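The chain contents come next:
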Amino acid sequence: MPLHAQEFFAELDPPFATGFVVGDSYFAALAADSALRLRIDFAPTIRHGEYDGLRLTVIHPHRGALHVETLTFAEHHTFTQRDTARGKSPGHDGYARIRDWHPSGPPPWQGADLTGLRQAVTAFTTMWTHAPAAPPSAHQRQEPSTTPILDAPGLHHPDGFWASDTDFLDLLRQGVCPVNGVTVVGSSVRFGCW
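My aim in this report is to walk through the structure given alongside it, one point at a time. Keep in mind that what you see is a predicted model, and the values were worked out from it rather than measured.

Scoring rules and cut-offs
- Once a new chain begins, its residue numbering starts again from 1 and follows that chain's sequence as written.
- Totals for whole chains, interfaces and linings use all residues, but because this is a predicted model, local features are given only for residues with pLDDT of at least 70 and pairs of side-chain atoms are given and counted only at 80 or more.
- Note that the side-chain values use all heavy atoms of the structure and ignore hydrogens as well as water.
- Helix and strand definitions follow DSSP, with helices as H or I runs of at least four residues and strands as E runs of at least two, each counted in order from the N terminus.
- Helix span is expected to be 1.5 Å times the residue number reduced by one.
- Note on exposure labels: buried denotes an accessible area under 20% of the residue type's maximum, exposed denotes more than 50%, and partly exposed covers the range between, all computed with a 1.4 Å probe on protein chains only.
- To be clear, the arc concerns the directions from the helix axis to the C-beta atoms.
- Criterion used throughout: strands pair if DSSP finds at least two bridges between them.

Helix length check: helix H3 (residues 115-129) (15 residues) gives 21 Å between terminal C-alpha atoms against 21 Å at 1.5 Å per residue, within 8%. Within H3, burial applies to Gly116, Leu117, Ala120, Val121, Phe124, Thr125 and Trp128. With its buried residues spanning 165° around the axis, H3 presents them on a single face.

Residue position: Ala32 is located in the loop between strand S2 (25-29) and strand S3 (37-44). The exposed category is assigned to Ala32, whose relative accessible area is 89%. Placed 97 residues apart in sequence, Ala32 and Thr129 show a C-alpha to C-alpha distance of 10.0 Å.

Most of strand S4 (residues 50-60) sits inside the fold, with eight of its eleven residues counted as buried. As judged from the eight bridges shared by S3 and S4, these two strands associate in the antiparallel manner. Note that in S4 the partner of Phe42 across the bridge is Leu54. Hairpin connection, S3 to S4: the antiparallel pair is bridged by five residues, and Gly49 has positive phi, about 80°. One ladder, built from eight bridges, connects S4 with strand S5 (residues 64-72); its direction is antiparallel. Its bridge partner lying in S5, Ile59 is registered against Ala65. Counted along the chain from S4 to the antiparallel partner S5, the turn is three residues long.

In this structure, strand S1 (residues 19-22) lies alongside S2, joined through four bridges in antiparallel fashion. What sits directly across from Val22, in S2, is Ser25. Hairpin connection between S1 and S2: a loop of two residues separates the two successive antiparallel strands, and Gly23 in this loop has a positive phi of roughly 65°.

Okay, here's the thing in structure tokens:
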């Protein structure tokens, strides 16, 4: 049964001015003036054609995938009503999952409550598009803060998140020199100073 991705994402109603579906994936610009893009896919399980959530990937045109997050149907109560009616609970086969095992039929996500997923996608998007809140001024503080406030060029960037700021990444590169010629950054290993 096809996933009916076009209808699913229309019902999910992600918070983007422009977005489009290609195959079973949704693509959108995170903000109008940002180079960052968001891809939303159905998150596969270990079984072919079975999905247990949505996988959100933030993509930079030159650096590729910057962050991947999975929003599970179970955590966001997407199929609670459907599974209760079917007598399924956590640990039962098919609980909080959809299956794409047949060439035709109704959408496998029929009866889904997409409210929790929509709120999670909105919160995720906000994290990547809005600058961090400014620290309160001295007269607004209730207690003295023991945490130092770091201020360096590149911490605030019009593209939104520090990972897209080349000035900040240059500062990071200058401060992180490899030990024995190997540096681990995220999931990639780099040899020598990059």
